[in-house]
Amino acid sequence: MSILITNIKQLLQVHESNVTIVKGEDMKTLPILENAYLYIENDTIIEYGNMEDCDGIMAETTIDATGKIVLPSWCDSHTHTVYAGNRTSEFVDRINGLTYAEIANKGGGILNSAALLQQTSEADLYAQSIKRVNELIAMGTGAIEIKTGYGLTVEAELKMLRVIKRIKQESLAKIIPTLLAAHAIPKTYKDNKQDYIKLITEQLIPEAAKLNIAHYIDVFCEDGYFSIAETETILKAGAAHNLRPKIHVNQFNILGGIALGAKYNALSVDHLEELNEADIEALKHTETIPVALPGCSYFLSISYTPARALIDAGLPLAIATDYNPGSAPSGNMNFVVSAACVKLKMTPEEAINAATINGAYAMGISNMYGSITRGKKANIIITKALSDYSEIPYAFAHNPVDQIIINGQLL
Ligand code: NIG
Ligand code: FE
């Protein structure tokens, strides 16, 4: 199977050598080839170059991309795509004045989704979730991290892991599973949280590790959820089973979760709607990437992650959807790229870097995904005819995607 894309107006994120992350000032640069071709064999990017040098390349399928932009598929490094039902009633409660915290304190929120997921059969959960994954693929996403965290019992968390595994096996998208058993305190453990933490560290993590599905461990480190000390206990238990941290921190309060993440060599620290100087300092000279989730800020009407402060301090930044039923019921990366420009004051170049190569880094897959580089996986977006790549974030909430190549297959 071979595909040749010709007459590409702008081929974005072209790297001769295999770059795996872009930081600070470098995020302002998005390498582009104009009037280009791209040649793919099976699931791999083989060659690219100027149209003048395209003569003689034959392929089974040729796509004329006149007027169109071609770029690597979006890499969405933070999602909760596996869930049951939705939380539209809480959405209306929030419109009528209740806060996210007030809804959670009433036993709604994550616990609401957990109760529903526990009652949902594995087959039904898979059917609901694969449908969402296919929608994400159609919107240009080629790699997706998916967390557990709506199970909150050993049995239901393992059910989520098996569903994620099946999606990983059956979808063309690259799927990266994360264990987020410490997402909330189940009702039955309301007055003995330490017993739930014990259940996670002594039973759930070892059993999950045996299934060998999850790559990462996550904790919702936040007031009313898991404290710094509790988060540390869980990260230690994860590390004992080779689960590297990717954690929820600084969404509503600054507890010190960023420094804790850095201490445990977290791959990413995510949310960061609240951020101080010490947090920024803690990220310098580490391999931990901060991840902003502007769709969550938009939907909950909370602060936006101060992306400028992070990037201007020389740090890398990734952006992701946080796709979940409570705080971000949209997995549209095109919107996230636009929101990064409009609300986080990132340039289109920075936003596209954050949504491709840096998103791949935040999943630990940037050696194979996130840029147009020979040998990397052929996950490609072909846009509709656009005047320039900056039209992707400019025309917010429009769909720029015309065609998708995922794992070398044209959809
Ligand atoms: O990333 N903050 C914690 N977890 C999710 C929200 C989960 C929910 O409300 O269902 C988030 O925003
Ligand atoms: Fe999240």
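The model shown is predicted, which means the values in this text are computed figures rather than measured ones. (Residues numbered from 1 in each chain as written. Chains lettered and ligands numbered in written order. Predicted model: local features only at pLDDT ≥ 70, side-chain atom pairs only at ≥ 80, totals over all residues. Heavy atoms only, no water.)

**A word on the domain arrangement of the protein**
So, step 1. Domains assigned within the protein are domain 1 (2–73 + 370–410) and domain 2 (75–361).
So, step 2. The centre of domain 1, based on its C-alpha atoms, is set 29 Å off from the matching centre of domain 2.
So, step 3. Each partner contributes to the interface: domain 1 provides 32 residues, whereas domain 2 provides 33 residues.
So, step 4. Contact between domain 1 and domain 2 buries roughly 2700 Å² in total, counting both sides, with carbon and sulfur atoms accounting for 66%.
So, step 5. If you sort the residues of domain 1 by the area they bury against domain 2, Met27, Pro393 and Ile406 come out on top, with a joint share of 23%.
So, step 6. The interface formed by domain 1 and domain 2 holds one salt bridge in total.
So, step 7. Lys28 serves as the salt-bridge partner of Glu350, at 3.9 Å between the closest nitrogen and oxygen.
So, step 8. At the junction of domain 1 with domain 2, the criterion picks out eleven residue pairs in polar contact (both at pLDDT 80 or more).
So, step 9. Residues of the side of domain 1 that touches domain 2, tallied by class, amount to 15 nonpolar, twelve polar and five charged. (Domains from an automatic or database assignment. Contact = heavy atoms within 4.5 Å. Buried area = accessible area lost by both parts, 1.4 Å probe. Salt bridge = Lys/Arg side-chain N within 4 Å of Asp/Glu carboxyl O. Polar contact = N/O pair within 3.5 Å; in protein donor to acceptor, adjacent residues only side chain to side chain. Nonpolar A, V, L, I, M, F, W, Y, C, P; charged D, E, K, R; others polar.)

**Thoughts on the pattern of salt bridges**
So, step 1. All chains considered together, the criterion is met by 17 salt bridges.
So, step 2. In this structure, Lys28 and Glu25 form a salt bridge, with 3.7 Å as the shortest nitrogen-oxygen distance.
So, step 3. Residue Glu25 is classed as exposed on the basis of its relative accessible area, which comes to 58%.
So, step 4. For Asp218, the salt bridge goes to Lys147, with nearest N and O atoms at 2.8 Å. You can see Asp218 sitting in strand 9 (residues 216–219) and its partner Lys147 sitting in strand 7 (residues 141–147), a full 71 residues away along the chain. For the pair Asp218 and Lys147, one class covers both residues: buried.
So, step 5. Counted as one network, the salt bridges with shared partners bring together Glu25, Lys28, Arg308, Asp312 and Glu350. (Buried < 20%, exposed > 50% of the residue type's maximum accessible area, 1.4 Å probe, protein only. Helix = DSSP H or I, 4+ residues; strand = E, 2+ residues; numbered from the N terminus.)

**Overview of the side chain of Thr120**
So, step 1. Relative to the helices and strands, Thr120 resides in the loop between helix 3 (110–119) and helix 4 (122–138).
So, step 2. Classification of Thr120 by relative accessible area gives buried; the value is 9%.
So, step 3. Beyond its immediate stretch of four places on either side in the chain, Thr120 contacts Ala84, Leu125, Gln128 and Lys159.

**Description of the packing of helix 6 (residues 193–211) against helix 7 (residues 228–239)**
So, step 1. With their axes 9 Å apart at the nearest point, helix 6 and helix 7 run at an angle of 10° to one another. Overall, the two elements helix 6 and helix 7 adopt an arrangement that is roughly parallel. Between helix 6 and helix 7, the residues in contact are Lys193, Gln194, Ile197, Ile200, Thr201 and Ile205 and Glu230, Thr233, Ile234, Ala237 and Gly238, respectively.
So, step 2. A per-class count over the contact of helix 6 with helix 7 returns five nonpolar, four polar and two charged. (Axes fitted to C-alpha atoms, helices over the stretch in contact; angles between N-to-C directions. Parallel < 35°, antiparallel > 145°, perpendicular 65-115°, else oblique.)

**Considerations on the site of ligand 1**
So, step 1. Around ligand 1 sit 15 residues in total, of which Tyr100, Tyr150, His183, Gln251 and Ser327 are the nearest.
So, step 2. Within the contact set of ligand 1, an oxygen atom lies 2.9 Å away from a side-chain nitrogen or oxygen of His248.
So, step 3. Taking Ser327, its side chain carries an N or O atom lying 2.5 Å from an oxygen atom of ligand 1.
So, step 4. In terms of residue class, the shell around ligand 1 is built from four nonpolar, nine polar and two charged. (Near = heavy atom within 4 Å.)

**Digging into the sheet that holds strand 13 (residues 318–319)**
So, step 1. If you trace the eight strands from one edge of the open sheet to the other, you get 6-7-8-9-10-11-12-13, paired in parallel fashion. Since the sheet does not close on itself, it has two edges, and those belong to strand 6 (74–76) and strand 13, each with one partner.
So, step 2. Bridge analysis of strand 12 (residues 289–292) against strand 13 gives two bridges, and the strand direction is parallel. Bridge pairing in strand 13 links Val291 to Ala318.
So, step 3. Where helix 6 meets the sheet, its contacts fall on strand 8 (174–182) and strand 9, and the angle it forms with strand 8 comes to roughly 150°. (Pairing = 2+ DSSP bridges.)

**Some remarks on helix 13 (residues 348–355)**
So, step 1. Most of helix 13 sits inside the fold, with seven of its eight residues counted as buried.
So, step 2. Residues of helix 13 that are buried include every one of Glu349, Glu350, Ala351, Ile352, Asn353, Ala354 and Ala355, and no others.
So, step 3. Of the surrounding secondary structure, the elements contacted by the buried residues of helix 13 are strand 1 (2–12), strand 6, helix 11 (307–312), strand 13, helix 12 (333–342) and helix 14 (357–361).

**So, the environment of Thr62**
So, step 1. Tracing the backbone through its elements, the reader meets Thr62 in strand 4 (residues 61–64).
So, step 2. Apart from residues no more than four positions distant in its own chain, Thr62 is found in contact with Leu4 and Thr6.

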